[in-house]
Every structure is written in C-alpha cells, then in structure tokens.
Amino acid sequence: MASHVLEIAENNRYLSIAHGNICIKEADKTLGQIPLDLLACVMLTAPGVTVSKQFLTAMGEENIPVLIMGKNYLPVSIALPVSSHYKQLTIAEEQVKAGEIIKKQIWQKIIISKIQNQAQALEKCVLPADPSVMKHIEKLKFLAQRVRSGDKDNKEGQAAQIYWQALFGKSFYRDQDEEGINAFLNYGYAVVRAVCARSICASGLLPQFGVHHRNQFNAFCLADDLMEPFRPFLDCLVFEYIKENEIPLLDTKAKRHLSTILQCPLYLQEEESTLLPIVLKAAQALYKSYCTKQVLLEFPQLKQK
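This structure is a prediction, so every number in the text was calculated from the model and none was measured. (Residues numbered from 1 in each chain as written. Predicted model: local features only at pLDDT ≥ 70, side-chain atom pairs only at ≥ 80, totals over all residues. Heavy atoms only, no water.)

Focus on the pattern of salt bridges
Then comes step 1: Under the defined criterion, the tally for this structure stands at 15 salt bridges.
Then comes step 2: In this structure, E10 and R13 form a salt bridge, with 2.5 Å as the shortest nitrogen-oxygen distance.
Then comes step 3: As a salt-bridge pair, R231 and E228 come within 3.0 Å of each other at their nearest N and O atoms. The exposure classification of R231 matches that of E228, with both residues buried. (Salt bridge = Lys/Arg side-chain N within 4 Å of Asp/Glu carboxyl O. Buried < 20%, exposed > 50% of the residue type's maximum accessible area, 1.4 Å probe, protein only.)

Printed below as a string of structure tokens:
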C-alpha cells in the first residue's frame with residue numbers, strides 16, 4: 001500500500017531506479033533506497049536535484065506523482081502519466097461532454113461535504129477546550145444545508161471566514177504566500193493534491209478539466225476540485241502539531257507528522273479506511289456521475305457517527 005511521501009530537501013541528490021526501488025545518491029555514495037510500491041508521491045523541494053530518465057519513466061509507469069515545489073511549499077509542477085487506464089479515451093470523452101448542470105450539482109456536493117467536515121474539524125480540535133466555538137460550528141452546519149447547485153451564493157467563502165479564525169485564532173488569515181501556519185497548510189495540501197491527481201489519472205479522467213476550477217495555467221483543476229472535502233483532515237493535523245509544539249517549525253519532524261494524512265483513519269458510510277483508497281473511490285464515482293447524470297459521489301467524515 002502506498003503510504004509514504006519521499007521528499008528530497010537537500011541539494012546534490014541523484015535519483016535513479018534499481019530493482020523496483022528508488023535509489024538516492026550523493027556523488028557515488030548511496031544514501032538510501034525505498035520501494036516504489038510504498039510511495040504515494042515524490043516531492044522535490046531542493047533546487048539542486050538530478051533525476052534520471054529511468055526514474056521519470058518508472059514514476060509514470062507506477063502512477064506516482066512527482067511534485068516540483070516552489071516558494072513556500074507550493075507545487076509549481078506535477079509529473080503524471082499520460083495514460084494509466086485501459087479505457088482512457090472512453091472515460092475522457094464522457095468527462096469532456098459532461099454538461100454544466102451535472103458539474104454544478106457535483107460542485108454542490110463537494111462544497112456541502114467540505115463545510116460539514118470543517119464543522120467536524122472544529123468539533124474535534126477546538127470544542128473540547130472552548131465551548132464558545134459551538135456557535136461557529138452551528139453556523140457552518142447551517143451554511144452546509146443551504147449550498148445551492150454550483151454554490152452560486154458562495155457559501156464556501158462564507159464558511160471560510162468563520163472557519164479559519166475559529167480554528168487558528170482571530171488574527172489568522174489564509175494566504176498561500178505567508179509563512180508559519182500557512183506554510184504548514186501548503187505542504188500538507190500538496191500531498192493531498194498529489195493523491196487526488198494520482199487517483200484521477202488512475203481512473204482514466206483528465207486532470208485539467210475541472211467541474212468548477214477553470215484556469216488556463218492549471219493542468220490539475222479536477223484535482224483541486226476533488227481535494228476540497230479532504231482539506232479539513234489536513235487542517236486538523238496542522239492544528240494538533242501547532243498546539244503541541246511551542247515554536248512550530250516546518251522541519252522534518254513536522255513534515256512527517258503532516259504526511260500521516262496518508263494513514264489517518266477516515267470514515268465513509270461507517271466503514272474505516274484511509275486517504276488513497278477513498279480518493280480513488282471518489283474519482284471513480286465522479287466518472288459514474290458524468291455517465292449517469294446523477295451525483296454518486298460520497299466523501300468521508302472526520303468523525304465516526
């Protein structure tokens with residue numbers, strides 16, 4: 001089971017493949033090896049990293065995303081396979097011809113699930129220590145019930161205004177370019193985004209064609225759509241780490257903690273699972289939704305009912 005993130009954060013590293021393993025070298029010295037079947041994604045954060053063509057070929061064949069990270073742990077590029085499904089063309093055709101009505105209904109489902117999980121994140125993280133947050137939780141639940149097709153009233157934005165300050169304090173503002181908590185969120189979201197992109201490609205869908213996100217400079221709009229309900233799971237990991245560490249730094253220890261998003265228990269229809277299989281189910285259900293013109297997506301919850 002793919003359950004690890006390989007990050008290359010130091011310069012002068014060379015990545016190659018040998019006997020089903022990624023080999024990490026510095027000059028002629030082998031620093032370590034990791035089996036391909038353990039990897040959910042590879043993140044290149046150091047500016048001086050060299051990879052072989054054999055490495056990139058293996059990543060494509062094994063459907064392992066390679067993320068090239070820019071400033072503040074924001075991905076600037078993701079390498080994914082051209083095709084990883086035997087019905088690629090049939091699935092892509094259904095996706096491309098899907099109408100706006102079903103897309104808006106799918107986005108409605110995504111935002112309802114995201115806001116519901118935001119409410120559960122506050123219940124899990126903040127409520128035990130601060131009963132006053134209950135009013136914010138109730139407001140989020142209220143907003144989730146009133147999301148319309150396409151979220152034309154922007155309940156997502158209204159929920160965000162309540163959620164972020166309730167979770168991280170009144171002085172917190174979500175800004176990708178800022179340091180501190182925002183850098184923690186960027187790093188964790190990059191992992192979730194890679195998992196979503198991986199599952200989308202494995203399901204035969206085209207990641208550049210989103211149901212809501214549309215950006216000519218973004219080749220992963222569908223991954224950005226699909227990951228929305230999963231963001232609060234990562235937010236909880238960030239909250240836990242910030243709470244337990246007096247001076248939180250995005251160091252190796254913190255990154256390992258955030259990468260446990262791959263093993264965290266998630267609950268879908270009262271069954272416990274983990275991120276990769278659940279995201280894959282969601283991607284497959286997305287394709288079925290395109291075909292049937294019915295929203296068949298189901299997203300996990302933070303807490304077991």
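Still more to cover.
Let's talk about the packing of aromatic side chains
Then comes step 1: Applying the stated criterion across every chain, the model contains 9 aromatic pairs.
Then comes step 2: The interplanar angle of 50 degrees and the centroid separation of 5.7 Å between the aromatic rings of W164 and F172 together place this pair among those described as tilted. The pair W164 / F172 is uniform in exposure class, with both members buried.
Then comes step 3: Here the aromatic residues Y163, W164, F168, F172 and F239 are joined through ring pairs into a cluster of three or more.
Then comes step 4: The ring of Y189 has R231 sitting right over it, with the charged end atom 4.5 Å from the ring centre. (Phe/Tyr/Trp six-rings, centres within 6.5 Å; stacked < 30°, edge-to-face > 60°. Lys NZ or Arg CZ within 6 Å of the ring centre and 35° of its normal.)

Observations regarding the sheet that holds strand β5 (residues 39–44)
Then comes step 1: Taken together, the 4 strands give an open sheet; going across it, the order is β1-β5-β7-β8, and neighbouring strands pair in mixed fashion. Edge positions in the open sheet fall to β1 (4–8) and β8 (75–79), since each of these has one partner strand only. Along the sheet, successive strands turn relative to each other by an average axial angle of 20 degrees, direction set aside.
Then comes step 2: Summarising the sheet, β5 and strand β7 (residues 66–69) pair through 3 bridges and their orientation is parallel. Pairing of M43 across the sheet is with L67, part of β7. (Pairing = 2+ DSSP bridges. Helix = DSSP H or I, 4+ residues; strand = E, 2+ residues; numbered from the N terminus. Axes fitted to C-alpha atoms, helices over the stretch in contact; angles between N-to-C directions.)

Description of helix α5 (residues 155–168)
Then comes step 1: An ideal rise of 1.5 Å per residue puts 20 Å on 14 residues; α5 measures up with 20 Å between its terminal C-alpha atoms.
Then comes step 2: For α5, the set of buried residues is K155, E156, A159, I162, Y163, W164, A166, L167 and F168.
Then comes step 3: On its buried face, α5 sits against α3 (100–125), α4 (134–144), α6 (181–202) and α8 (231–244).
Then comes step 4: Just past α5, the residue G169 takes up positive phi, approximately 105 degrees. (Expected span 1.5 Å × (residues − 1). Contact = heavy atoms within 4.5 Å.)

Some thoughts on the sheet that holds strand β6 (residues 49–51)
Then comes step 1: Pairing is mixed in the open sheet, where 4 strands are placed in the order β4-β3-β2-β6. The outermost strands of the open sheet, each flanked by one partner alone, are β4 (29–35) and β6. Between one strand axis and the next, the sheet turns through 25 degrees on average, direction left out of account.
Then comes step 2: Where strand β2 (residues 13–18) lies against strand β3 (residues 21–26), 5 bridges are found, and the strand directions are antiparallel.

Focus: the side chain of R198
Then comes step 1: Its location among the elements puts R198 in helix α6.
Then comes step 2: At a separation of 2.8 Å, a polar atom in the side chain of R198 contacts the main-chain carbonyl oxygen of L39.
Then comes step 3: Beyond its immediate chain neighbours, meaning those up to four positions away, R198 contacts A2, L39, A40, E62, N63, I64, P65, L80 and L276. (Polar contact = N/O pair within 3.5 Å; in protein donor to acceptor, adjacent residues only side chain to side chain.)

A look at unusual backbone geometry
Then comes step 1: With a phi angle near 55 degrees, N63 is a residue other than glycine that sits in the positive phi range.
Then comes step 2: In this structure, N63 sits in the loop between α1 (53–61) and β7.
Then comes step 3: The phi dihedral of D151 is positive, around 50 degrees, even though this residue is not glycine.
Then comes step 4: The topology assignment puts D151 in the loop between α4 and α5.
Then comes step 5: Overall, the relative accessible area of 8% leaves D151 in the buried class.

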